[in-house]
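# Observations on the three-dimensional arrangement
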Amino acid sequence: MIAIRNVKKSFGKLSVLQDVSLDIKEGEVVVILGPSGSGKTTLLRCISFLERASAGTIAFGDDVVDLKHASKKDILRTRRREGFVFQSYNLFANKTAFENVYEGLVSGRKVPKKEAKEKALEALDWVGLLDRKDYYPAQLSGGQQQRVGIARAVALEPEVILFDEPTSALDPELVGETLEVIKRVAKRGITMIVVTHEMSFAQDVADKIVFMDGGVVVEEGSPNDIFTHPKEERTKQFLKRIIGEFVYEI
């Protein structure tokens, strides 16, 4: 189990995360919802050390890491357990699709070159881009670039993959293909934390929904609990604004 405890983050006087705690079971898909500015992305960035948290811990089983005071060794160990899919793809523009997947295996994980090549090709095949392996990012659509990003994360075989609004930068007609690939990731039993605004996707894929607002976890529960029986007034307001017809009060 992954245990996130008491995470806080401030930028100057602005408090973005206020004592956030979550538990994620092995193989569980946790979807985080909330309005812009609620702290969703900042939480992912803190637990992956893309931002240094002001306080809090993350634990993989008995291995507890202090997010504020972690050493370089702690950070490296934690990052090797995580994959990250960015909303803006974050591919190397001067490397092909294959090289973008391969490089993380060889440089980041020290996988032998022959094995890394096999893993990279397998991952690209799995996301339906083996025929584009020699294409550079500029030659790929946004959806294809994001699928390369997903292949890169899956190839690393991490304990958890973090998805930061993976469809937000895509043209509407490209969203579906990316969501289908993410659904396939979920079916493989890979533990996932997904920040998204795609409500139907959240309903279909999530084992647990977490609703955040104002830097705190307002409510969490199963998709049925959150989408049809939300307990907190703030959750009801948010869902009624987005998908009001699905929400009713008990």
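A brief look at the structure comes next. (Residues numbered from 1 in each chain as written. Predicted model: local features only at pLDDT ≥ 70, side-chain atom pairs only at ≥ 80, totals over all residues. Heavy atoms only, no water.)

## Side note on the nonpolar core
To be explicit about the condition: The nonpolar core is taken to be a set of buried Ala, Val, Leu, Ile, Met, Phe, Trp, Tyr and Cys residues, with the residues joined through side-chain atoms within 4.5 Å. Whether a residue is buried, partly exposed or exposed follows from its accessible area with a 1.4 Å probe, protein chains only, as a fraction of its type maximum: under 20%, in between, or over 50%, in that order. Strands here mean DSSP runs of E at least two residues long; helices mean DSSP runs of H or I at least four residues long; both are numbered from the N terminus. Contacts: residue pairs with any heavy atoms within 4.5 Å of one another.
L33, I150, F163, V185 and M192 are the most contacted members of the largest nonpolar core, which has 53 residues in total. No other element matches helix 6 (residues 172-187), which puts 7 residues into this core. Dropping the residues within four chain positions of it, F163 is found in contact with L44, V85, I150, I182, V185, M192, I193, V194 and V195.

## A few points about the sheet that holds strand 10 (residues 216-221)
Selection rule: When DSSP finds two or more bridges between two strands, those strands count as paired. All axes here are fitted lines through C-alpha atoms, helices being fitted over the stretch that makes contact, and every angle between N-to-C directions spans 0 to 180 degrees.
Across the sheet, which stays open at both edges, the 6 strands sit in the order 6-7-8-3-9-10 with mixed pairing between neighbours. Because the sheet does not close on itself, it has two edges, and the strands there are strand 6 (82-85) and strand 10. Here the average twist between neighbouring strands, direction ignored, is 20°. With 4 bridges connecting them, strand 6 and strand 7 (residues 160-164) associate as parallel partners. Note that in strand 7 the partner of G83 across the bridge is I161.

## Description of the packing of helix 5 (residues 142-155) against helix 6
Stated precisely, the cut-off is as follows: Should an angle fall under 35 degrees it is taken as roughly parallel, and over 145 as roughly antiparallel, whereas 65 to 115 is taken as roughly perpendicular and any remaining angle as oblique. Two helices crossing with the near one rotated counterclockwise from the far one by less than a right angle form a left-handed crossing, whereas a clockwise rotation gives a right-handed crossing. Residue classes follow a fixed rule: Ala, Val, Leu, Ile, Met, Phe, Trp, Tyr, Cys and Pro count as nonpolar, while Asp, Glu, Lys and Arg count as charged, and any other residue, Gly among them, counts as polar.
The contact between helix 5 and helix 6 brings their axes to 9 Å, and the two run at 15°. Between helix 5 and helix 6, the angle is such that the two are roughly parallel. Crossing handedness for the pair helix 5 and helix 6: right-handed. Between helix 5 and helix 6, the residues in contact are G142, G143, Q144, Q146, R147, I150 and V154 and L174, E177, T178, V181, I182 and V185, respectively. Considered class by class, the residues forming the contact of helix 5 with helix 6 number 6 nonpolar, 5 polar and 2 charged.

Bear in mind that shape data such as this cannot, by itself, settle questions of function.
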